Amino acid sequence: MTSSRTRRPSVGFVMVCVVYAAILGFFGWGLIQPDLDRVWSIHHLLKIGEMKKLKAEDRALLERSFARHAGLGEALLDNREAGLISAHRDGWIETPGPVALLTKKNKGTTTLVLDVQTPKDLIPYTISLRGAGWRKKVEVSKQGLISVPLPELKQQTEVLELRMKGKKFRSDPSVLGLRVSFEEAP
């Protein structure tokens, strides 16, 4: 008589499989890019103009990291209350989708100041503003200064995205002609 019973794997074989699975899990975990490393990469790519606008998952990562690390926003802004982290020269933007950070370091309200020097043939256009839980549209109908009061911050550091929507905006500062700055009320 033959037995149709199959043999169970030995304890040694199971232990070898567990060790191999643990090693694969460890190396897989090691290949994942840490959040703060990814934040640094996003900041760097925005700063040099390689990244033209934030993807939804990048924005979520930034917001999650700012919530976890209270001083991170100020560190990225070199201890300022608000400012651009996208490519710019003294506030003159170099991409049609710049990103700024606002921190609660200032206790007053913050006003976004747009100095519009866009060529007249590209006016009118719209600038869409997006913060944490709010959106605003600004209609640009002529060159000059536009002041936009911003809502009170809900978080320690907030991401502010600006999107220029109009006629053929390229990543060329002479075509964009927009200077972004912030005023903090005492």
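Keep in mind that this is a model prediction, so the values were computed, not measured.

Chemist: Help me understand the overall build of the protein in this model?
Modeler: Helices and strands together make up the secondary structure of the protein, namely five helices and ten strands. Scaling as 2.2 N^0.38, a compact globule of 186 residues should have a C-alpha radius of gyration of about 16 Å, whereas the protein reaches 25 Å, well beyond that. Dimensions of the protein, computed from C-alpha atoms along their principal axes, come out at roughly 95 × 40 × 25 Å. Relative to its 186 residues, the protein shows a buried fraction of 40%. Restricting to contacts in the protein with at least 6 residues of sequence separation, those with at least 24 account for 68%.

Chemist: Could you clarify how one ought to interpret the packing of helix α2 (residues 35-48) against helix α3 (residues 56-68) in this entry?
Modeler: Packed helices, taken two at a time, are described by their axes: the angle between them and the distance between them. At a minimum axis distance of 10 Å, the contact between α2 and α3 shows a crossing angle of 120°. Judged on the interaxial angle alone, α3 and α2 are oblique. Judged by the sense of rotation from one axis to the other, the crossing of α2 with α3 is left-handed. In this structure, α2 contributes Asp35, Arg38, Val39 and Ile42 to the contact, and α3 contributes Asp58, Leu61, Leu62, Arg64, Ser65 and Arg68.

Chemist: Honestly, the pattern of salt bridges in this entry has me stumped. Any pointers?
Modeler: Side-chain pairs of opposite charge can arise where the charged atoms are in close proximity. By the definition in use, this model includes nine salt bridges. A salt bridge links Asp35 to Arg64; its shortest N-O distance comes to 3.8 Å. You can see Asp35 sitting in helix α2 and its partner Arg64 sitting in helix α3, a full 29 residues away along the chain. Note on Asp35: relative accessible area 26%, which makes it partly exposed. Residue Arg64 is classed as partly exposed on the basis of its relative accessible area, which comes to 37%. We note a salt bridge from Arg59 to Glu161, for which the minimum N-O separation is 2.6 Å. With Arg59 in helix α3 and Glu161 in strand β9 (residues 157-165), the pair connects residues that are 102 residues apart, well separated along the chain. According to the relative accessible area criterion, Glu161 is buried, its value standing at 3%. Each member of the salt-bridge network shares a partner with another, and the members are Arg59, Glu63, Arg130, Glu161 and Arg163.

Calculation criteria
- Residues numbered from 1 in each chain as written.
- Predicted model: local features only at pLDDT ≥ 70, side-chain atom pairs only at ≥ 80, totals over all residues.
- Heavy atoms only, no water.
- Helix = DSSP H or I, 4+ residues; strand = E, 2+ residues; numbered from the N terminus.
- Rg over C-alpha atoms; globule rule 2.2 N^0.38 Å.
- Buried < 20%, exposed > 50% of the residue type's maximum accessible area, 1.4 Å probe, protein only.
- Contact = heavy atoms within 4.5 Å.
- Axes fitted to C-alpha atoms, helices over the stretch in contact; angles between N-to-C directions.
- Parallel < 35°, antiparallel > 145°, perpendicular 65-115°, else oblique.
- Left-handed = near helix turned anticlockwise from the far one by under 90°.
- Salt bridge = Lys/Arg side-chain N within 4 Å of Asp/Glu carboxyl O.

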